[in-house]
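# Coordinate analysis (summary)
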Amino acid sequence: MEDKNHTSTTQPVSFKKALLDFWKRAFDFSGVTKLGEFWWIAIVSIGIGFAVVFLSTTLVEKKASPVVILIILLLFFIFLGFPSISLSIRRLRDVGLANLGILGIFVLSAIVGVFNNIYTLNSSVDIIDTAVNLIVFYVSLRPTDKYTTTQKSGWRSKVFRQQKVDTSKSE
């Protein structure tokens, strides 16, 4: 039985479809996001991020009002930040993490981020922050259902999604 939120992994996702889904599902934390959809949005986000940094730097150099710069950064976060959070959650679910596993990643990232802001010049915290971000990035790149489990109890059953059993095969 095919999950309606799972699209075929063999069909490439177009840029237009990925962008439309990104905005339509901005506050949809259910379902999954395939790797192709994730990467189209990542590329667009990186481009827009560079543009916002360039614009902010230019405005700072021209001694623009800090309020204008904050408004630009706030708009950037509203239009890309919130939808990117739901996109990341759907991507981690597609990889095979259950809700508790996804929550664990976000809590760990938040804790490390707080420590990184408190201890700004501590290289140990920077290394831990970088390691956590690289792990999340690596997990996000994994194929669909890479981290599913067949175990019905124990920590794996809470952190990883249950593997779908194919009942159509009869032996």
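This section reports on the structure supplied with the text. (Residues numbered from 1 in each chain as written. Predicted model: local features only at pLDDT ≥ 70, side-chain atom pairs only at ≥ 80, totals over all residues. Heavy atoms only, no water.)

We now examine the overall build of the chain. Along its length, the chain carries six helices and zero strands. Written out in order from the N terminus, the α and β elements of the chain read α-α-α-α-α-α. Overall, the C-alpha framework of the chain stretches about 75 × 40 × 20 Å when taken along its three principal axes. Buried positions account for 31% of the 171 residues belonging to the chain. Long-range pairs, those at least 24 residues apart, make up 64% of the contacts in the chain between residues at least 6 apart in sequence. Summed over its atoms, the accessible surface of the chain is roughly 11600 Å², and 70% of this surface lies on carbon and sulfur atoms. (Helix = DSSP H or I, 4+ residues; strand = E, 2+ residues; numbered from the N terminus. Buried < 20%, exposed > 50% of the residue type's maximum accessible area, 1.4 Å probe, protein only. Contact = heavy atoms within 4.5 Å. Areas by Shrake-Rupley, 256 points an atom, 1.4 Å probe, with all protein chains shown as cover.)

Before going further, it helps to examine the pattern of salt bridges. Inspection of every chain in the model, using the stated rule, returns five salt bridges. One salt bridge connects R161 with D145, and the closest N-O pair in it is separated by 2.5 Å. Residue R161 is located in the segment after α6 (155–159), and its partner D145 is located in the loop between α5 (123–140) and α6; the two are separated by 16 residues in the primary sequence. The exposure class assigned to R161 is buried, which follows from its relative accessible area of 15%. Assessed through its relative accessible area of 30%, D145 is described here as partly exposed. Each of K34, R91 and D94 takes part in a single network of salt bridges with overlapping partners. (Salt bridge = Lys/Arg side-chain N within 4 Å of Asp/Glu carboxyl O.)

For helix α2 (residues 35–61), spanning 27 residues, the distance from its first C-alpha to its last is 38 Å, which sits close to the expected 39 Å at 1.5 Å a residue. For α2, the complete set of buried residues consists of E37, F38, I41, A42, S45, G49, V52, S56 and L59. In this structure, the buried side of α2 is in contact with α1 (15–24), α3 (66–95) and α5. Following α2 by one or two positions, K63 has its phi on the positive side, about 60 degrees. (Expected span 1.5 Å × (residues − 1).)

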